[in-house]
Amino acid sequence: ISDDKKQMVANVEKQLEEARELLEQMELEVREIPPQSRGMYSSRMRSYKQEMGKLEADFKRSRIAYSDEVRNELLGDDGNSSENQRAHLLDNTERLERSSRRLEAGYQIAVETEQIGQEMLENLSHDREKIQRARERLRETDANLGKSSRILTGMLRRHIQQRIKLAWRKQFLLVAVHTAFLWEI
């Protein structure tokens, strides 16, 4: 039974450490979320941290009780009856199992939250790509509008020049006709 307990304690310690690391990663992800969405995730993080604190405290109490049992066992302290020791041992085992289940549930929540964060990052990445493509199309359109504007300005200038030339030709023709008419008279 002692080896089983040691293995269970080591497993719980490992899961607690993994949960702490996941909480740290999640906290970093929450800091990257835009401020308008951050509040909801921040409150979730606080509740996860509180739950983690409770789990660690339960585990610590169970571990202390377990170490007291081991010390009493090693020192041969038979102050309690065998039945009381058994009940105490079962109680501690049950408490460890409850803590393990809560820790596992917390770990699942952390994994789900991490997946949601990953999906949000992917969505933001896709949105960024769309915005960049739209910005590039806008630049191309702006360049094309600039070319079109220069072409139209050139066409307008040539049209005005043509009108001015035509007006001068008309004036010259009128002066020539008028001069010819005056010479005939």
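See the structure shown above.
Residues numbered from 1 in each chain as written. Predicted model: local features only at pLDDT ≥ 70, side-chain atom pairs only at ≥ 80, totals over all residues. Heavy atoms only, no water.

Caption draft 1: The overall build of the chain, seen in detail. Tallying secondary structure elements over the chain gives three helices and zero strands in all. Helices and strands in the chain line up, N terminus first, as α-α-α. Sorting the 185 residues of the chain into buried and exposed places 17% on the buried side. Of the contacts formed within the chain by residues at least 6 apart in sequence, a portion of 78% connects residues at least 24 apart. Of the accessible surface of the chain, which amounts to about 14800 Å², a share of 55% is contributed by carbon and sulfur atoms. (Helix = DSSP H or I, 4+ residues; strand = E, 2+ residues; numbered from the N terminus. Buried < 20%, exposed > 50% of the residue type's maximum accessible area, 1.4 Å probe, protein only. Contact = heavy atoms within 4.5 Å. Areas by Shrake-Rupley, 256 points an atom, 1.4 Å probe, with all protein chains shown as cover.)

Caption draft 2: Just the pattern of salt bridges, in detail. One pass over the structure, following the stated rule, counts nine salt bridges. Linking Arg 98 and Glu 94 is a salt bridge whose minimum nitrogen-to-oxygen distance equals 3.0 Å. Separated by four residues within a single helix, Arg 98 and Glu 94 lie in helix H3 (residues 82-184), roughly one turn from each other. Connected via shared salt-bridge partners are Glu 17, Arg 20 and Glu 56. (Salt bridge = Lys/Arg side-chain N within 4 Å of Asp/Glu carboxyl O.)

Caption draft 3: Summary view of a nonpolar patch on the surface. A cluster of nonpolar side chains, namely Leu 156, Ile 160, Ile 164 and Trp 168, defines an oily patch on the protein surface of about 450 Å² accessible area. Note that Ile 160 resides in helix H3. (Patch = residues over 30% accessible without salt bridge, like charges linked within 9 Å, V, L, I, M, F, W, Y side chains within 5 Å.)

Caption draft 4: The arrangement of the nonpolar core in detail. Counting residues in hydrophobic clusters, the biggest one holds 18 residues, and the most contacted among them are Leu 16 and Leu 103. Contributing elements (two or more residues each) for this core: helix H1 (2-32), helix H2 (35-75) and H3. Here this core takes eight residues from H1, the largest share from any one element. Setting aside residues up to four positions removed in sequence, Leu 16 forms contacts with Met 52, Leu 55, Glu 56, Phe 59 and Leu 103. (Core = buried A, V, L, I, M, F, W, Y, C linked by side-chain atoms within 4.5 Å.)

Caption draft 5: Region of the structure containing H3. With 103 residues, H3 extends 150 Å between its outermost C-alpha atoms, agreeing within 8% with the 153 Å of an ideal straight helix rising 1.5 Å per residue. Of the positions making up H3, those classed as buried are Asn 92, Leu 96, Ser 99, Ser 100, Leu 103, Ala 110, Thr 113, Gly 117 and Gly 154. (Expected span 1.5 Å × (residues − 1).)

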